Amino acid sequence: MAEFVIRPLVSMLMGKASSYLLNQYKVMDGMEEQREILERKLLAILDIMEDAEEKGAYRPGVSAWLIALKKVSYEANDVFDEFKYEALRRDAKAKGRYMKLGFDTVSLFPAHNPIVFRYRMGNKLCRIVHLIEVLVLEMNAFGFRNQQQAPPSKQWRITDSIISDSEQDIVSRSRNKDKKKIVNILNRASDKDLIVLPIVGMDGLGKTTFAQLLYNDPEIKEYFQLQRWCCVSDDFDVAKIASSICQTNENNREKALQNLQKEVSGKRYLIVLDDVWNEDADKWEKLKTCLKHGGKGSVVVTTTRKAKVAQIMKTCIDDSHNLGELHKVFLKEIFENRAFCLQKPNAPELSDVVEKILDRCGGSPLASKAFGSLLSNKTSIKEWTDVLGRSNTCNEKRGILPILKLSYDDLPSHMKQCFAFCAVFPKDYEIDVEILIQLWMAHDFIQLKEGDNLEKAGREFFDELTWRSFFQDVK
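This write-up is about the structure you can find in this document.

Conventions and cut-offs
- Residues numbered from 1 in each chain as written.
- Predicted model: local features only at pLDDT ≥ 70, side-chain atom pairs only at ≥ 80, totals over all residues.
- Heavy atoms only, no water.
- Helix = DSSP H or I, 4+ residues; strand = E, 2+ residues; numbered from the N terminus.
- Contact = heavy atoms within 4.5 Å.
- Disulfide = S-S within 2.5 Å.
- Buried < 20%, exposed > 50% of the residue type's maximum accessible area, 1.4 Å probe, protein only.
- Pairing = 2+ DSSP bridges.
- Phe/Tyr/Trp six-rings, centres within 6.5 Å; stacked < 30°, edge-to-face > 60°.
- Salt bridge = Lys/Arg side-chain N within 4 Å of Asp/Glu carboxyl O.

## A few points about the environment of Asp-234
No. 1: Within the secondary structure, Asp-234 sits in the loop between strand E2 (226-233) and helix H11 (238-246).
No. 2: Taking the C-alpha atoms as reference points, Asp-234 and Lys-427, 193 residues apart in sequence, are found 7.8 Å from one another.
No. 3: For Asp-234, the contacting residues outside a window of four places in its chain are Trp-277 and Lys-427.

## Points about the state of the cysteines
When the sulfur atoms of two cysteines share a covalent bond, that bond is a disulfide.
No. 1: Applying the stated criterion across every chain, the model contains 0 disulfides.
No. 2: Cysteine Cys-230 is unpaired, with the sulfur of Cys-231 as its nearest cysteine sulfur at 7.2 Å.
No. 3: We classify Cys-230 as buried; its relative accessible area is 3%.
No. 4: Summary of cysteine pairing: Cys-290 is not part of a disulfide, and the nearest cysteine sulfur, belonging to Cys-246, is at 9.1 Å.
No. 5: Residue class for Cys-290 comes out buried when judged on its relative accessible area of 6%.

## Considering the sheet that holds strand E1 (residues 194-200)
No. 1: Spatially, the 5 strands line up as an open sheet ordered E2-E3-E4-E1-E5, and their pairing is parallel. Whereas interior strands pair on both sides, the edge strands pair on one side only; in this sheet they are E2 and strand E5 (321-322).
No. 2: In this sheet, strand E3 (residues 269-276) lies alongside E2 in parallel orientation, the contact comprising 7 bridges. Along E3, the bridge assignment pairs Arg-228 with Ile-271.

## Things to note about unusual backbone geometry
No. 1: Located in the positive-phi region is Gln-247, a residue other than glycine, with phi close to 60°.
No. 2: Relative to the elements of secondary structure, Gln-247 occurs in the loop between H11 and helix H12 (253-264).

## Some details on the packing of aromatic side chains
No. 1: Enumeration according to the criterion identifies 14 aromatic pairs in this entry.
No. 2: Pairing Trp-65 with Phe-144 gives two aromatic rings, centres 5.6 Å apart and planes at 45°, and the pair type is tilted. Taken as a pair, Trp-65 in helix H4 (residues 60-94) and Phe-144 in the loop between helix H6 (114-142) and helix H7 (165-174) lie far apart in primary sequence, 79 residues in all.
No. 3: With a relative accessible area of 11%, Phe-144 lands in the buried category.
No. 4: Measuring from centroid to centroid gives 6.3 Å for Tyr-408 and Phe-419, while their planes differ by 55°, and the two rings are tilted.

## Examining the environment of Phe-445
No. 1: If you trace the backbone, Phe-445 turns up in the loop between helix H21 (433-442) and helix H22 (454-467).
No. 2: Considering only alpha carbons, one finds Phe-445 and His-414, 31 residues apart in sequence, at a separation of 6.6 Å.

## Comments concerning the pairing of E1
No. 1: Of all 7 residues in E1, 7 are buried, a share of seventy percent or more.
No. 2: What you see with E1 is no split at all: Leu-194, Val-196, Pro-198 and Val-200 on one side and Ile-195, Leu-197 and Ile-199 on the other are buried throughout.
No. 3: Looking at chain direction, E1 and E5 are connected through 2 bridges and run parallel. Each bridged residue has a counterpart across the sheet, and for Ile-199 the counterpart in E5 is His-321.

## Observations regarding the pairing of strand E4 (residues 298-304)
No. 1: Within E4, 7 of the 7 residues are buried, leaving the element largely enclosed by the surrounding structure.
No. 2: Across the two faces of E4 the burial is the same, with Ser-298, Val-300, Thr-302 and Thr-304 and Val-299, Val-301 and Thr-303 all buried.
No. 3: In the sheet, E1 pairs with E4 via 7 bridges, with the strands oriented parallel. Opposite Leu-194, over in E4, you have Ser-298 as the bridge partner.

## Focus on the pattern of salt bridges
No. 1: Under the definition given, this model contains 23 salt bridges.
No. 2: The shortest N-O distance in the salt bridge between Arg-468 and Glu-464 comes to 2.9 Å. There is no split in this pair, since Arg-468 and Glu-464 are both buried.
No. 3: Each of the salt bridges in this network shares a partner with another, and the network as a whole consists of Lys-328, Lys-332, Glu-355 and Asp-359.

These results come straight from atomic positions and should not be treated as a statement about function.
Encoded structure:
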């Protein structure tokens with residue numbers, strides 16, 4: 001998805017090119033004609049960007065054009081940042097702040113000599129205009145259509161990190177049979193040295209949520225002397241996992257494993273290893289050797305999408321639990337909690353559309369939640385049927401990506417850029433929301449009208465992305 005999020009980048013460039021600050025301090029004197037040409041070309045590109053981004057997903061030629069446009073846009077943004085810096089420098093000098101810093105003689109240096117600056121930046125601007133003109137010629141050959149993007153919804157939901165009572169209730173009721181089965185397995189494990197119980201299922205089925213339900217159950221908490229939760233993800237680093245269980249920062253592998261052995265020694269423990277992908281049996285054996293020093297009845301619960309991982313980790317043939325699809329009754333409850341939180345379209349065919357949407361969810365509660373969030377601001381039955389027509393069914397192979405792709409396509413262009421930026425963070429990284437918003441601001445992703453508050457708008461962007469299930473486990 002991320003490589004085709006270019007419209008916000010071009011919009012950002014358009015905003016910089018037409019900035020009043022550049023006019024006020026005349027930093028583009030002598031370059032007015034090139035600037036006007038650039039603005040016209042950018043407006044033409046913006047007119048067809050939605051169509052181009054859609055076609056870029058399946059036409060290699062368009063994809064290559066979009067990548068070239070992205071490269072030029074970044075270069076052009078850097079050029080206009082230089083213009084902006086020069087305008088701010090002149091503004092500081094005009095207000096007397098420049099002299100206070102002792103830089104009054106800086107105009108003698110070539111970098112800030114107006115004639116040298118105009119010549120150097122004029123050449124850079126001409127290069128950008130030429131590259132954009134070439135791209136516009138290629139754009140016309142593709143025959144893109146002008147698709148006016150719908151304005152972003154104003155009915156954003158402000159969310160928080162607390163799981164609502166209704167969601168907790170649904171999880172408890174919908175997975176009650178699964179929970180009883182696990183409790184029975186744990187009871188049978190009371191005389192064993194160690195039991196490893198993998199919970200297996202496709203993405204979006206709620207494996208982590210189910211593990212949390214077990215981990216926080218009062219009856220289970222009372223049974224174990226030690227409880228630890230460790231998010232493993234792609235990198236099965238034995239030292240990191242051992243340090244996480246021991247709640248230390250030990251990087252030395254041998255010391256970390258020794259600490260783990262001491263930590264669990266003689267204690268009946270419950271350890272959850274969440275989101276395991278490792279298929280290297282030797283790594284697991286090394287960790288398991290230390291975990292075997294725990295007391296009788298100790299349990300390691302793992303969650304994984306891969307049956308092979310479960311086969312490697314489980315200690316007995318029957319000690320594995322395949323988490324099944326959520327019953328349609330509970331999917332509907334989750335969906336309606338989201339979809340009808342603001343309003344409910346009044347149409348006799350609504351119930352049939354809802355049933356077809358639930359079929360698309362493939363038993364996934366996350367898909368149901370994402371679908372409901374997507375449709376919560378759609379007010380007509382036509383909008384609902386349009387979304388249904390563009391959706392694909394979630395299954396073992398595709399997971400919930402078809403639903404998330406729908407939600408992504410429905411995002412306003414500026415919000416797509418904010419989400420695409422999050423690709424710089426590794427999988428399962430705990431993102432500090434305030435820092436993320438500051439990064440969005442630093443990259444000029446939050447474009448506002450005069451009088452608006454950047455931090456507040458950034459928080460609204462984050463809350464909207466969370467509501468649409470692009471972020472999870474918000475604390």
